[in-house]
Amino acid sequence: MIPVPELQTLPSRLARLCLDVERFCRDSLNMADGNSWLLAVSGGADSTALLCIMALLAPRHGWQLHVATVDHQLRPESAGDTAFVTGLCQGWHVPCRILTADVPRLAQQDGLGTEEAARLARYSLLEQARLACGATAILLGHHRSDVAEDQMLRFLRGTGWPALGGMRAEDAERHLLRPLLRTDSRALKDLLHHCGIIWREDASNADTRYTRNRLRHTILPLLRQENPRLEQACLNLWNLAGIDGDYWQQELERHLARSPWRETSGSITLPRALLRETHAALRLRLYHRAVARLARLSGGQARSATLLALDQAWQEGRGGTIFQLPGNIMAHLKGGCIRFYIEKRQVVQKS
């Protein structure tokens, strides 16, 4: 059995790693003492290192840890992955839940790609597990290389600023926290090696049929040749985006308090009084917030090109114009207002 690591027995470089994560948890994520946390652990290096670090820090803060591992039923070795995670948790006396998702069936049923179906199923199951065990939030093992990957994916999809900065360390709406987001992935593996923990490798991570893997194995290595400090540069962008995001959040709240939007089930209307005499930067963020709110019901993300075209139409007073956005979300201009709504489409029954 692998013993739970102790801070005082670690080499100084690894002790500093753990203390840096602890500081990030306290100062940036506001992880209060005495709370319970659900760790999403796949058995890979990143999430296993997350479990290792949190198990080390938990006694210092009175944290109660729970683990959930998701079997997506996509690979023959997935049962071995869950067995590895449950075995590690048993040795460290951390409660562990095995969650199962039939991703191939869900992808076919909902007309989604495998990656998207797996992601949606995973987060849905994790939230159910969080509620069942009474955890404050779900902790994920994303690190700073994931920030660079996410920024590149968002860039390719046409995401606007400040969302181009990448994944957030805290997603309060979905109860997600990412304690390792500023941490180097090589240091995480160094910690596991020192503790004698051999993690599980997911062979699908090398499959370049998936966009994220092509970025990871082809494009990002080329960018690192141009800038060996690529991850740090991306982290600086992430920091700036977070600062800008906080500012615009306050601005949106101030304007919505003065001229509230009208919201009904599946519909949000931005009134003329809210949109007029505002800068395009503010209007675009209002559009994005409305779409994001409706997307929780329908899925999909707004593309910056569509939102720019929508704003151009509003400035030109083209009433009656309708824009279609992802997730069956529509935007209808009328009388200086913009109404966003989810279009209910009839399912045609095949004879």
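Each remark here, short or long, concerns the structure printed above.
Just so it is clear, the structure is predicted and the values come from calculations on it, not from any experiment.

(A) Summary view of the overall build of the protein. Broken down by element type, the protein carries 12 helices and 11 strands. Computed over C-alpha atoms, the radius of gyration of the protein comes to 22 Å, within 12% of the 20 Å expected from 2.2 N^0.38 for 351 residues, which places it in the range of a compact globule. Its C-alpha atoms give the protein principal-axis dimensions of about 70 × 55 × 45 Å. Residues classed as buried in the protein amount to 46% of the 351 residues present. Partitioning the intrachain contacts of the protein with sequence separation of at least 6 by distance along the chain shows that 69% fall at a separation of at least 24. Within the structure as shown, the protein displays about 18500 Å² of accessible surface, and the carbon and sulfur contribution to it stands at 51%. Across the protein, the centroid of the 44 positively charged side chains sits 5 Å from that of the 36 negatively charged ones.

(B) Geometry of the packing of aromatic side chains. Across all of its chains, the model carries three aromatic pairs by this definition. On the numbers, 5.3 Å between centres and 75° between planes, the contact of Tyr247 with Trp248 is edge-to-face. Relative accessible area serves as the criterion here: at 45%, Tyr247 is assigned to the partly exposed category. Judged by its relative accessible area of 19%, Trp248 is buried. With a centroid separation of 6.2 Å and an interplanar angle of 45°, the aromatic rings of Tyr287 and Phe340 are classed as tilted. You can see Tyr287 sitting in helix α11 (residues 280-298) and its partner Phe340 sitting in strand β11 (residues 337-342), a full 53 residues away along the chain. We note Arg122 situated over the ring of Tyr123; from NZ or CZ to the ring centre the distance is 5.6 Å. Above the ring of Tyr123, the side-chain terminus of Arg174 is found at 4.9 Å from the ring centroid.

(C) Looking closely at the nonpolar core. Ranked by size, the top nonpolar core spans 50 residues in total, and within it Leu10, Met31, Trp37, Leu39, Trp63, Leu65 and Leu191 carry the most contacts. Breaking this core down by element, the ones donating at least two residues are α1 (12-27), β1 (36-40), α2 (45-61), β2 (64-71), α3 (78-92), β4 (137-139), α7 (185-195) and α9 (230-258). At 11 residues, α2 tops the list of elements feeding residues into this core. Among all residues touching Met31, those that are not within four sequence positions of it are Cys25, Trp37, Met54, Trp63, Leu139 and Leu177. Leu274, Leu286, Val291 and Ile329 belong to the second largest nonpolar core, which has 27 residues in total.

(D) Highlighting the sheet that holds β4. If you trace the six strands from one edge of the open sheet to the other, you get β3-β2-β1-β4-β6-β5, paired in mixed fashion. Since the sheet does not close on itself, it has two edges, and those belong to β3 (96-100) and β5 (170-171), each with one partner. The sheet contacts of helix α5 (residues 114-133) involve β1, β2, β3, β4 and β6 (176-177), and relative to β3 the element is tilted by about 145°.

(E) Focus on the pattern of salt bridges. One pass over the full model with this rule turns up 25 salt bridges. In this structure, the salt-bridge partner of Arg13 is Asp190, at a minimum N-O distance of 2.8 Å. In this pair, Arg13 sits in helix α1 while Asp190 sits in helix α7, placing the two residues 177 residues apart along the sequence. The class for Arg13 is partly exposed, based on a relative accessible area of 43%. Among the ionic pairs, Arg75 bridges to Asp81, the shortest N-O distance being 2.5 Å. Residue Asp81 is classed as buried on the basis of its relative accessible area of 6%. By sharing partners, the salt bridges in this structure join Arg75, Glu77, Asp81, Arg200 and Asp202 into a single network.

(F) Spotlight on unusual backbone geometry. Here the residue pair Trp161 and Pro162 is connected by a cis peptide bond, since its omega of 5° sits within 30 degrees of zero. Position of Pro162 relative to the elements: it lies in the loop between α6 (144-157) and β5. For His93, which is not glycine, the phi dihedral falls at a positive 55°. Checked against the element boundaries, His93 lands in the loop between α3 and β3. Despite not being glycine, His175 has its phi angle at roughly 60°, a positive value. Mapping His175 onto the fold places it in the loop between β5 and β6. The class for His175 is partly exposed, based on a relative accessible area of 28%.

(G) Local environment of the pairing of β11. Sheet analysis places strand β8 (residues 267-270) next to β11, joined by four bridges and oriented antiparallel. Looking at the pairing, Ser267 lines up with Tyr341 of β11. Across six bridges, the pairing between strand β10 (residues 329-334) and β11 is antiparallel. Looking at the pairing, Lys334 lines up with Cys337 of β11. Linking β10 back to β11 in an antiparallel pair, the connection comprises two residues, with Gly335 at a positive phi of about 60°.

Analysis parameters
Residue indices follow the written sequence of each chain, beginning from 1 at its first position. In view of the model being predicted, local features appear only for residues whose pLDDT reaches at least 70, and side-chain atom pairs are presented and counted only at 80 or more, with totals across whole chains, interfaces and linings using the full set of residues. The basis for the side-chain values is all heavy atoms of the structure; hydrogens and waters are excluded. For the purposes of this entry, the term helix denotes a DSSP run of H or I that reaches at least four residues, the term strand denotes a run of E that reaches at least two, and both are numbered from the N terminus. For a compact globule the rule gives 2.2 Å times the number of residues to the power 0.38, and the radius of gyration it is set against comes from C-alpha atoms. Only protein chains enter the accessibility calculation, which uses a 1.4 Å probe; a residue is then buried when its area is under 20% of its type maximum, exposed when over 50%, and partly exposed in between. We call two residues contacting when some pair of their heavy atoms lies within 4.5 Å. To be clear on the numbers: accessible area is Shrake-Rupley with a 1.4 Å probe, and residue cover counts the displayed protein chains and nothing else. Here the positive residues are Lys and Arg and the negative ones are Asp and Glu; neither His nor the chain ends is included. Charge positions come from single atoms, namely NZ of Lys, CZ of Arg, CG of Asp or CD of Glu. A pair of aromatic rings is counted whenever rings of Phe, Tyr or Trp (Trp by its six-membered ring) have centres within 6.5 Å, and the orientation is called stacked for planes under 30 degrees apart, edge-to-face for over 60 and tilted otherwise. Should the NZ of a Lys or the CZ of an Arg lie within 6 Å of a ring centre and within 35 degrees of the ring normal, that charge is described as sitting over the ring. The nonpolar core is taken to be a set of buried Ala, Val, Leu, Ile, Met, Phe, Trp, Tyr and Cys residues, with the residues joined through side-chain atoms within 4.5 Å. Think of it this way: DSSP has to see at least two bridges between two strands before they count as a pair. Fitting a line to C-alpha atoms yields each axis, with helices limited to the stretch in contact; the angle taken between N-to-C directions then spans 0 to 180 degrees. Each salt bridge in this description consists of a side-chain nitrogen of Lys or Arg and a carboxyl oxygen of Asp or Glu lying within 4 Å of one another.

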